[in-house]
Amino acid sequence: MGDAERIAKILAVRDLVKERDTARKEGNFIKSDRLRETLSGNYGVEVVDQVNGPSGWKFKDGTSKKLPAGTIPSRATEPSESSLKKRKRDDDEEAKPAKSSGTAKKASEASASTPGSASKKAKPTPEQERNRAAVAQVLGGGSSGKSAGRNVNGVLIEDIKIGSGPTAQSGQRVKVNYVGRLKTNNKVFDSSTNPKKPFGFILGRGEVISGWDIGVSGLRVGGTRRLTIPPEKAYGRHGAPPTIPSNATLVFDVTLIEVR
């Protein structure tokens, strides 16, 4: 990689990290997690979040993140408008709902279990034990008279209202209203309830946490589901500071507004 290309890459990463820190401060977790995935997948960057400060970062291959001595950043070394076109278009589409932080992409969890893995009698990790205990608690509890629902790949799905419109399927762009709460104290950490400005994403593409891809699939327009999502299908051991702690089980009431 030449010096000019390396400088452009470092400047682009700095801009993305700064933009992500701003999104985190505003509580826009879908944007912050999407930027984390962009930094990891497109730039080979590992981001380390700080609870009360800017994020740290480094190149996974050990490359220095310092600009060469004497470098004066200029428009010539900054990322071009065309190189950021797709990211800007996605931001325009998904940041329109005012202060609708949404549910971000899944946090990369090295210890997260993979559905269908064939390891016989493999000893579960402590995190997997906690996740299983959380799901077991959900399945075993409840004196409200509601159906216990069904467990799909670790996500508890309860149909609160059956819709009558088209069914959401993988690969479709869906629009939803939702309220997200922490299971431990029922505290609302995020919501998007304006029917005129629903939150949109492409189902099954990893644009949101995996618990949403699992739980929204099969929901019909007009229907509402309650999704109880264990940590390994949400934000795992990292959480999403400051509103979502580590190893948090999340509860979402999701209403499907549109599919296309």
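Rules of the game
- Residues numbered from 1 in each chain as written.
- Predicted model: local features only at pLDDT ≥ 70, side-chain atom pairs only at ≥ 80, totals over all residues.
- Heavy atoms only, no water.
- Helix = DSSP H or I, 4+ residues; strand = E, 2+ residues; numbered from the N terminus.
- Buried < 20%, exposed > 50% of the residue type's maximum accessible area, 1.4 Å probe, protein only.
- Contact = heavy atoms within 4.5 Å.
- Core = buried A, V, L, I, M, F, W, Y, C linked by side-chain atoms within 4.5 Å.
- Phe/Tyr/Trp six-rings, centres within 6.5 Å; stacked < 30°, edge-to-face > 60°.
- pLDDT = per-residue confidence, 0-100.
- Pairing = 2+ DSSP bridges.
- Expected span 1.5 Å × (residues − 1).
- Salt bridge = Lys/Arg side-chain N within 4 Å of Asp/Glu carboxyl O.

## Brief notes about the overall build of the protein chain
Here comes step 1: When its secondary structure is counted, the protein chain shows five helices and nine strands.
Here comes step 2: The N-to-C order of helical and strand elements in the protein chain reads α-α-β-β-α-α-β-β-β-β-β-α-β-β.
Here comes step 3: Scored against the burial criterion, the 260 residues of the protein chain give a buried share of 45%.
Here comes step 4: Of all intrachain contacts in the protein chain linking residues separated by at least 6 positions in sequence, the fraction that spans at least 24 positions is 67%.

## Thoughts on the nonpolar core
Here comes step 1: Ranked by internal contacts, the top residues of the largest apolar core, which has 32 residues, are Phe201, Trp212, Leu250 and Phe252.
Here comes step 2: Core analysis: the second largest hydrophobic core is formed by 15 residues, Leu11, Val13, Leu35 and Trp57 among them.

## A look at the packing of aromatic side chains
Here comes step 1: Applying the stated rule across the entire model yields nine aromatic pairs.
Here comes step 2: When the ring of Phe189 is compared with that of Phe252, the centres are 5.7 Å apart and the planes differ by 85°; the resulting orientation is edge-to-face. Taken as a pair, Phe189 in strand S6 (residues 188–192) and Phe252 in strand S9 (residues 250–259) lie far apart in primary sequence, 63 residues in all.
Here comes step 3: On the accessibility criterion, Phe252 (0% relative accessible area) is buried.
Here comes step 4: Every member of this aromatic cluster is reached through a ring pair, and the members are Tyr178, Phe189, Phe199, Phe201, Trp212 and Phe252.

## Section: the confidence of the model for the protein chain
Here comes step 1: Taken over all residues, the pLDDT of the protein chain has a mean of 78, while the share at 70 or more is 70%.
Here comes step 2: Taking the mean pLDDT of every element in the protein chain, the minimum, 50, falls on helix H3 (residues 85–94) and the maximum, 97, on strand S8 (residues 224–229).
Here comes step 3: When the criterion is pLDDT under 50, residues 74–84 qualifies, and its contacts beyond four places in sequence or with other chains add up to nine contacts.
Here comes step 4: Note that pLDDT drops below 50 for residues 137–147; the model gives that stretch 11 contacts with residues more than four away or on any other chain.

## Quick notes on the pairing of S8
Here comes step 1: Taking burial as the measure, the six residues of S8 include five buried ones, the bulk of the element.
Here comes step 2: Sheet topology places strand S4 (residues 155–161) next to S8; five bridges connect them, and they run antiparallel. By the bridge assignment for S8, Ile157 is matched with Leu227.
Here comes step 3: Strand direction decides the pairing type here: S8 and S9, joined by six bridges, are antiparallel. Note that in S9 the partner of Arg226 across the bridge is Asp253.

## Considering the side chain of Asn177
Here comes step 1: Tracing the chain through its elements places Asn177 in strand S5 (residues 173–182).
Here comes step 2: A residue is classified by how much of its surface remains accessible, and Asn177, at 9% relative accessible area, is buried.
Here comes step 3: In contact with Asn177, not counting residues within four places along its chain, are Ser192, Thr193, Asn194, Pro195, Pro198, Asp253, Val254, Thr255 and Ile257.

## Section: helix H1 (residues 3–25)
Here comes step 1: In a regular helix each residue adds 1.5 Å, so 23 residues correspond to 33 Å; H1 covers 33 Å between its end C-alpha atoms and thus fits that length.
Here comes step 2: Within the span of H1, buried status applies to Ile7, Ile10, Leu11, Ala12, Val13, Leu16, Val17, Arg20, Asp21, Ala23 and Arg24.
Here comes step 3: Where H1 terminates, the next one or two residues include Gly27, which has phi positive at roughly 80°.

## Observations regarding the pattern of salt bridges
Here comes step 1: Scanning the entire structure with this criterion turns up 10 salt bridges.
Here comes step 2: Of the charged contacts in the structure, one is a salt bridge between Arg24 and Asp49, with a shortest N-O distance of 3.9 Å. Here Arg24 is found in helix H1, whereas its partner Asp49 is found in strand S1 (residues 45–50), with 25 residues between them in sequence.
Here comes step 3: Among the residues examined, Arg24 registers a relative accessible area of 9% and is labelled buried.
Here comes step 4: Using a relative accessible area of 23% as the deciding quantity, one classes Asp49 as partly exposed.
Here comes step 5: Taking the shortest distance from any N to any O, the salt bridge between Arg150 and Asp159 comes out at 3.1 Å.
Here comes step 6: For Arg150, a relative accessible area of 37% puts it in the partly exposed group.
Here comes step 7: You can call Asp159 partly exposed: its relative accessible area is 36%.

## As for helix H2 (residues 29–43)
Here comes step 1: In this model, H2 (15 residues) spans 20 Å end to end at C-alpha, consistent with the 21 Å of a helix rising 1.5 Å per residue.
Here comes step 2: Of all 15 residues that make up H2, 11 are buried, and the element is covered over most of its length.
Here comes step 3: Inspection of H2 places Phe29, Ile30, Lys31, Ser32, Asp33, Arg34, Leu35, Arg36, Thr38, Leu39 and Tyr43 among the buried residues, and these make up the whole buried set.
Here comes step 4: Positive phi appears at Gly44, one or two residues downstream of H2, with a value of about 65°.

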